Amino acid sequence: MTSTTPTLVAAAAALNASKIYGKDDSEVRALDDVTVDFTEGQFTAIMGPSGSGKSTLMHCLAGLDTLSSGKVFVDGTDLSGLNDRELTVLRREQVGFIFQAYNLIPTLTALENITLPLDLGGVEVDQTWLNEVVSAVKLESRLTHRPSELSGGQQQRVAVARALASRPKIIFADEPTGNLDSRSGAEILSFMRHAVSDLGQTIVMVTHDPVAAAYADRVVFLADGKVVDEITSPTSEQVLDRMKKLGS
Amino acid sequence: MTSPVIRLTLRGVLARKFRILLTVFAIVSGVAFVSGAFMLTDSVKTAINSLFQELRGDIALEVRTPIAFGDEARAKRDPVPDALASGIKAVAGVSSVELNITRESTIVKPDGKPLKTSGPAFGISWVGQNGLDGRTILAGREARGPNEVAIDKASAKRAGYVMGDTVTVVGPTGKGEFKLVGLTGTGKTSGGGGASVCAFDPVTADSFLGAKGLADSIYIGLEKGASRSTVQKDIAKVLTSKYEVIPGEQSAKETAGAINDIIDIFGKLLLGFAAISLFVSAFLIFNTFAIIISQRLRELALLRAIGASSLQIRLMILGEALIIGIVATGFGILGGVGVSKGITALFNATGAAFPSATITISTRTIIASLLVGIGVTVTAAMVPALRTSNIPPVAAMRPEMGFTAMQRGKRLVAGAATLLAGIALLCIGLFVQPGGAIGILGASGLGAILLFLGVASLSTSFAAPVSAVISRILPFPIWPMTRSVAGRLASRNAQRTPRRTATTASALMIGLALVSTVAVIAASVQKSFKDRLQGSVTADYYVTSDGFQGLPPAFAEKLAALPELGKVSPFRASTAQINGESKQIGAVNVDMGDIVNVKLTSGSFASLAKGQILVHRDPARDLSLTVGSSVTITWQNGTTSKLIVGGIYSDSSIAGNWLVSLNVLAQASTAPPVDFFIGAKIAPGINIDVARAAVDKVAEEFPSAQVQDQAEFQKSREDQLNQLLIIVYCLLVFAIGIAVLGIANTMALSVYERTREFGLLRAVGMSKRHLKRSVRWEAIIVSVFGATLGVTVGVPLGVAVSIALPKSFVNGIQIPITTIVFVLLASIVVGIIAAIGPARRAAKLDVLEAISAI
């Protein structure tokens, strides 16, 4: 188990986080007093059955959604104290995103999509870093293509590159391989693994695929809005085993 | 490196080229009318100014009688005695003096028919080879002696006369035959700007044109090197104060100015129309942007999620509006050239003589077009753009968490408040009438806009129930569309998104509201006009002139001499001042009392013979005049008459507001009078055909005369009104065209939005035909909804405006049921037309692709 007080030096953390939808009878506790932290330089997977609150936790951690009570921190900053403008800057500079689908702006080329967060912030692109990222995801030959001209796997690679390009404190990935065939999925996961091991990136990934979770350093299990378990250095068999227990 | 916002904006526009093209088209037409209005007025004015400048030629100075007040260009001035010429000629520096005698003279073609002209038909006095006034001899020589004439080359060609022919000319004193000795031109052209010109030597002109030793004015040419201002002062010294000496270009400027005023009115009409079409376009743009934004919800949310600020998103949307605005303005200005040329051509085809002009595009035109085109587009996109701030970034992953729409309660309050404010302003504008014309137009115009906005906003609340009703009663009560699956789907779709249904319908609502407003006003005006004419047109014959200068008095005299006719009276008019305000004073002889029924409420018509004045009850009330009170009239030549009110009447449709005898009117000017129309009664016991034949025979001598019996006269007056109304209707139909475009656009967007749904329907077995039908039904529901709203708003609006119009213009409201039913039925057609493209698109969807679309 993790320590009950999250270390403020963690890349991201939630403290007594609760998220309640609806009122009275129709009240749904998507998150119920969750306390968890995500160490820098680690690849963490969040798992749980449908409706366990794993996506909500991630959205709140990333500043995309707000909590009903409790606090979330990114790089030691309490997000509840930030206004829309500050949240925007945080998302642009400290956080990277990889979604399950619809990751890219259809009218921009792959390269333009990769540098978009930097461009939006008016930040000069670090060309050396960009080259490194692009070659890490093997996109050199596809940079001028529009998303519609790329395969699903390639599109996700662009999304990974975009998340890496601004060197965020932490990257949140929401079922990044959910829409991909297993080969492309494995490719994306190895890129993410590589980003953590070799480039020192911090990644938090929501997934329901035990194989994907096996790429992580640590797996946190959620059920009914609560953290119920965790494993470090998992194998897919271990994960599957835990999932079965949660499901029963 | 370009900013990402600019890049996203440009790519966004390029990705939606077709959609945006439709939007652009709506704005283009509005801008085209704005720029066209300016271009038309600018170029026609320039052409008219230069034409009149050219006509001035070498006239350095002009002597004429001054007027006491009023419009310099249209004033009927006292003439100048020919005798003054010799005194002026003697002044040092004067090289030549010419008498300006210009009277109506019609050329009769060899076949005996009068030569029709689009401008005035002039007879003038001409001295020497080339006149001071810019007219030149192009062939032959000037007319000398009583049997010769020179006519303008263009008219000679049209009439088929060649040099040496005998030309018949009808002038103020009657018919004359002259030998054609010369062809004239004006400046570099062979015509007279649509006018025909018959030039006589001064003696012949004096007698044939009935000038009787008096000229309209005297033209003066200067010796080389003479100072104009010195000569002007010297001439003033030899003249009494009864005359004025003015620079030669002054009266040209006055005349051109008077014509320019008419052109300006025309320009304002076009601008008014542009305003309507832009207002409708603004709704269309608002609509398009609102839909485009909800379609791009995920994209915009994604941008927000990866760090775009809400300001950047707003700028991106407004940037797209800006690009649309700029492109549309560019096309709009091109369209304006077309509008301006088209209108000139249209008017010239119907007989008006707009001088041919190169299109002038001034900086003002471009600035106004840019302001209007870009302004309207960006303003209309403002609200949808601001709404993007409500997009939560999390919608990138959960599209169902999109907009939180304005709460129903809030929207009802806002809509009702806008509506009430609009009605209040409209009532103030129409009935309180603050601050003259600008106040009335401003308050009621703004009121109407608020009214429309209020209704548009409120209509969201009842779009669903009304759509349900419409789909239950359409197409006919026997077989409602809800019986078929396609119809039911269409009905549910219209009800499911009341907001979209309402905004789509709003553009048509405004268009049809305007149409029904105008229809009610027009019907009321028409009915009042007809009723009044029926009551007052009691003459058996009306003779009017289709020329520019009215009828010579000789005509009325000849008619009066006919034994077949009973009472005959001419109608003349002159401008005068009463209580410091310009009024039109009519003059008739006492017989008119039996020819035209002015509906006397007190006094007698016979009092005219005693030199008294008859007054319409409206001005009588305003000035508190009753029978026996006195009125002081100042005529334009400065003389005054103090007249006793001899009667009050209530029908001004034919006689106007003030009536005096012909003798009294003679004080207004010593210039030869012209008659506006002549009224006549058949003598008792005379057969109608015999009388008509006698009148027609006299009319043959006066080519510009038009004889009409009661029915013909009434019809011709009604036709004039109808022509005007048709123009107004045409313009409004155009506004509806834009609304159709709006519905088509929105339907296309909503088809796109429902790609997946359509795919699903096709997958479970719906045929292409059914799908098409469903889309078409929905468009019909939306347009019938819009049309119903439009008529509901427009008819009361039309009634309100009709009530507010002066009683002398509208008395009694008429609601044109047929027109309104037609409008409602036409809206069904509008729906079908608007659905053509979108339905085809929906049917073309590939089932598999549609299902997997996100």
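Scoring rules and cut-offs
Residues numbered from 1 in each chain as written. Chains lettered and ligands numbered in written order. Predicted model: local features only at pLDDT ≥ 70, side-chain atom pairs only at ≥ 80, totals over all residues. Heavy atoms only, no water. Helix = DSSP H or I, 4+ residues; strand = E, 2+ residues; numbered from the N terminus. Buried < 20%, exposed > 50% of the residue type's maximum accessible area, 1.4 Å probe, protein only. Contact = heavy atoms within 4.5 Å. Areas by Shrake-Rupley, 256 points an atom, 1.4 Å probe, with all protein chains shown as cover. Lys, Arg positive; Asp, Glu negative; His and termini not counted. Charge placed at Lys NZ, Arg CZ, Asp CG, Glu CD. Buried area = accessible area lost by both parts, 1.4 Å probe. Salt bridge = Lys/Arg side-chain N within 4 Å of Asp/Glu carboxyl O. Polar contact = N/O pair within 3.5 Å; in protein donor to acceptor, adjacent residues only side chain to side chain. Nonpolar A, V, L, I, M, F, W, Y, C, P; charged D, E, K, R; others polar. Domains from an automatic or database assignment. Phe/Tyr/Trp six-rings, centres within 6.5 Å; stacked < 30°, edge-to-face > 60°. Lys NZ or Arg CZ within 6 Å of the ring centre and 35° of its normal. Pairing = 2+ DSSP bridges. Axes fitted to C-alpha atoms, helices over the stretch in contact; angles between N-to-C directions. Expected span 1.5 Å × (residues − 1). Arc of directions from axis to C-beta. Right-handed = clockwise from strand over helix to strand, strands pointing away. Parallel < 35°, antiparallel > 145°, perpendicular 65-115°, else oblique. Left-handed = near helix turned anticlockwise from the far one by under 90°.

**Focus on the overall build of chain A**
Thought 1: When helices and strands are counted, chain A shows eight helices and 10 strands.
Thought 2: Considered along the principal axes of its C-alpha atoms, chain A spans approximately 50 × 40 × 35 Å.
Thought 3: With 248 residues in all, chain A has 53% of them scored as buried.
Thought 4: Pairs at least 24 apart in sequence give 67% of the contacts found in chain A among residues at least 6 apart.
Thought 5: As displayed, chain A has an accessible area near 10,400 Å², and 48% of this comes from carbon and sulfur atoms.

**Considering the overall build of chain B**
Thought 1: Helices and strands together make up the secondary structure of chain B, namely 24 helices and 24 strands.
Thought 2: Reported as C-alpha extents along the three principal axes, the dimensions of chain B are approximately 100 × 70 × 50 Å.
Thought 3: Taking all 854 residues of chain B together, 53% fall into the buried category.
Thought 4: Considering only contacts within chain B whose residues lie at least 6 apart along the sequence, 81% involve residues at least 24 apart.
Thought 5: Accessible surface, chain B as shown: approximately 36,400 Å² in total, 63% of it carbon and sulfur.
Thought 6: Between the mean site of the 80 positive side-chain charges and the mean site of the 55 negative ones, chain B shows a separation of 17 Å.

**Thoughts on the interface of chain A and chain B**
Thought 1: Each partner contributes to the interface: chain A provides 29 residues, whereas chain B provides 24 residues.
Thought 2: Of the roughly 2,500 Å² buried at the junction of chain A and chain B (both faces included), carbon and sulfur atoms supply 64%.
Thought 3: Linking chain A with chain B are one salt bridge.
Thought 4: In this structure, Asp84(A) engages Arg304(B) in a salt bridge whose closest nitrogen and oxygen atoms are separated by 2.6 Å.
Thought 5: Connecting chain A to chain B are six residue pairs in polar contact (both at pLDDT 80 or more).
Thought 6: Of all the secondary-structure elements, those providing two or more residues to the side of chain A that touches chain B are helix 1 (54–61), helix 2 (84–93) and helix 3 (110–121) of chain A.
Thought 7: Sort the elements by how many residues they give to the side of chain A that touches chain B and helix 3 of chain A lands first, with five residues.
Thought 8: Looking at the side of chain A that touches chain B residue by residue, the classes come out as 14 nonpolar, seven polar and eight charged.

**Some remarks on the domain arrangement of chain B**
Thought 1: One can read the domain layout of chain B as domain 1 (1–60 + 249–401), domain 2 (61–248), domain 3 (460–538 + 711–854) and domain 4 (547–703).
Thought 2: Computed over C-alpha atoms, the centres of domain 2 of chain B and domain 3 of chain B are 59 Å apart.

**Considerations on unusual backbone geometry**
Peptide bonds are mostly trans, and most non-glycine residues show a negative phi.
All names here are of chain A.
Thought 1: Of note in this structure, Asn-16 is not a glycine but carries a positive phi near 50 degrees.
Thought 2: The topology assignment puts Asn-16 in strand 1 (residues 12–21).
Thought 3: Look at Asn-16 and you get partly exposed, because its relative accessible area is 38%.
Thought 4: A positive phi is found at Asp-75, a non-glycine position, where the angle reads about 50 degrees.
Thought 5: Tracing the backbone shows Asp-75 in the loop between strand 4 (69–74) and strand 5 (77–78).

**So, the packing of aromatic side chains**
Thought 1: Summed over the entire model, instances satisfying the criterion amount to nine aromatic pairs over all chains.
Thought 2: Here Phe97(A) and Phe99(A) contribute two aromatic rings whose centre-to-centre distance is 5.5 Å and whose plane-to-plane angle is 25 degrees, an arrangement assigned as stacked.
Thought 3: On the basis of relative accessible area, Phe97(A) is assigned to the buried category, the value being 2%.
Thought 4: A centroid spacing of 5.0 Å and a plane angle of 80 degrees characterise the contact between Phe178(B) and Phe208(B), whose relative ring orientation is edge-to-face. Taken together, the positions of Phe178(B) in strand 10 (residues 174–186) and Phe208(B) in helix 5 (residues 202–208) put the pair 30 residues apart, joining distant regions of the chain.
Thought 5: Relative accessible area serves as the criterion here: at 5%, Phe178(B) is assigned to the buried category.
Thought 6: Phe208(B) gets classed as buried once you look at its relative accessible area, which sits at 9%.
Thought 7: Taken together, the ring pairs connect Tyr542(B), Phe571(B), Phe676(B), Phe677(B) and Phe713(B) into an aromatic cluster.
Thought 8: Between Arg167(A) and the ring centre of Trp129(A), over which it is positioned, the NZ or CZ distance is 4.4 Å.

**Description of the sheet that holds strand 3 (residues 43–47) of chain A**
Residue and element names in this part refer to chain A.
Thought 1: If you trace the six strands from one edge of the open sheet to the other, you get 6-7-8-3-9-10, paired in mixed fashion. Only two strands of the sheet have a single partner each, and these edge strands are strand 6 (95–98) and strand 10 (226–232). Averaged over all pairs of adjacent strands, the angle between their axes in this sheet comes to 20 degrees, without regard to strand direction.
Thought 2: Here strand 3 pairs with strand 9 (residues 218–223) via four bridges, running parallel. If you follow Met-47 over to strand 9, its bridge partner there is Phe-221.
Thought 3: Helix 6 (residues 182–197) rests against strand 3, strand 7 (170–174) and strand 8 (203–206) of the sheet, and its axis sits at about 150 degrees to strand 8.

**Some remarks on helix 19 (residues 688–699) of chain B**
Because each turn of an α-helix spans 3.6 residues, side chains separated by three or four positions end up pointing in the same direction.
Residues and elements named next belong to chain B.
Thought 1: Helix length check: helix 19, at 12 residues, gives a terminal C-alpha distance of 16 Å against a target of 16 Å (1.5 Å per residue), a fit within 8%.
Thought 2: Among the residues making up helix 19, those that are buried are Ala-691, Ala-694, Val-695, Val-698 and Ala-699. Angular distribution of buried residues about the axis of helix 19 spans 140 degrees; they occupy a single face of the element. For helix 19, the exposed residues set more than 90 degrees away from the buried face come down to Asp-689 and Lys-697.
Thought 3: Capping the start of helix 19 is the job of one residue whose side-chain oxygen sits 2.6 Å from the backbone nitrogen of Asp-689: Asn-687.

**Looking at the side chain of Thr177(A)**
Thought 1: Relative to the helices and strands, Thr177(A) is located in the loop between strand 7 and helix 6.
Thought 2: Among the residues examined, Thr177(A) registers a relative accessible area of 11% and is labelled buried.

**Things to note about the pattern of salt bridges**
Close approach of charged atoms allows side chains with opposite charge to pair.
Thought 1: Summed over the entire model, instances satisfying the criterion amount to 34 salt bridges over all chains.
Thought 2: The partner of Glu187(A) in a salt bridge is Arg157(A), and the shortest N-O contact between them spans 3.3 Å. Of this pair, Glu187(A) sits in helix 6 while Arg157(A) sits in helix 5 (residues 152–165); the two residues are 30 residues apart in sequence, bridging distant segments of the chain.
Thought 3: Of the residues examined, Glu187(A) reaches a relative accessible area of 30% and is grouped as partly exposed.
Thought 4: Residue Asp719(B) is joined to Lys715(B) by a salt bridge in which the shortest nitrogen-to-oxygen separation is 3.0 Å.

**Regarding helix 1 (residues 4–15) of chain B**
Thought 1: If you check helix 1 of chain B, its first and last C-alpha atoms are 16 Å apart, about what 12 residues at 1.5 Å a residue would give, namely 16 Å.
Thought 2: All buried positions along helix 1 of chain B are accounted for by Pro4(B), Val5(B), Arg7(B), Leu8(B), Thr9(B), Arg11(B), Gly12(B) and Val13(B).

**With respect to the pairing of strand 11 (residues 196–200) of chain B**
Residue and element names in this part refer to chain B.
Thought 1: Of all five residues that make up strand 11, five are buried, and the element is covered over most of its length.
Thought 2: Neither face of strand 11 is exposed, since Ser-196, Cys-198 and Phe-200 on one face and Val-197 and Ala-199 on the opposite face are all buried.
Thought 3: Pairing geometry for strand 6 (residues 121–125) and strand 11, over five bridges, is parallel. Paired with Ile-124 across the bridge in strand 11 is Ala-199.
Thought 4: One ladder, built from two bridges, connects strand 8 (residues 148–152) with strand 11; its direction is antiparallel. Each bridged residue has a counterpart across the sheet, and for Ala-150 the counterpart in strand 11 is Ala-199.

**Quick look at the pairing of strand 8 of chain A**
All names here are of chain A.
Thought 1: Side chains Ile-203 and Met-205 of strand 8 all project onto a buried face; the interleaved residues Val-204 and Val-206 project onto the opposite face, where all are buried too.
Thought 2: Relative to strand 8, strand 3 runs parallel, the two being bridged by four bridges. What sits directly across from Phe-43, in strand 8, is Ile-203.
Thought 3: Inspection of the sheet shows strand 7 paired to strand 8 by four bridges, in the parallel sense. Pairing of Asp-174 across the sheet is with Val-206, part of strand 8.
Thought 4: Note that the unit made of strand 7, helix 6 and strand 8 has a crossover that is right-handed.

**Regarding the packing of helix 5 of chain A against helix 6 of chain A**
A pair of packed helices is captured by two measures, namely the crossing angle of their axes and the spacing between those axes.
Residues and elements named next belong to chain A.
Thought 1: Packing of helix 5 against helix 6 brings their axes to within 9 Å, and their N-to-C directions diverge by 15 degrees. One way to sum up the angle between helix 5 and helix 6 is to call them roughly parallel. The handedness of the crossing between helix 5 and helix 6 is right-handed. Packed against helix 5, whose contacting residues are Gly-153, Gln-156, Arg-157, Val-160 and Leu-164, the element helix 6 presents Ser-184, Glu-187, Ile-188, Phe-191 and Ala-195 at the interface.
Thought 2: Residue classes in the contact of helix 5 with helix 6 are distributed as five nonpolar, three polar and two charged.

**Examining the environment of Gly794(B)**
Residues and elements named next belong to chain B.
Thought 1: Among the secondary structure elements, Gly-794 is positioned in helix 22 (residues 768–804).
Thought 2: By relative accessible area, Gly-794 is classed as buried at 0%.
Thought 3: Distance in space between the C-alpha atoms of Gly-794 and Gly-511 is 9.4 Å, their sequence separation being 283 residues.
Thought 4: Filtering out sequence-adjacent residues up to four positions away, Gly-794 remains in contact with Ala-513, Ser-516 and Thr-517.

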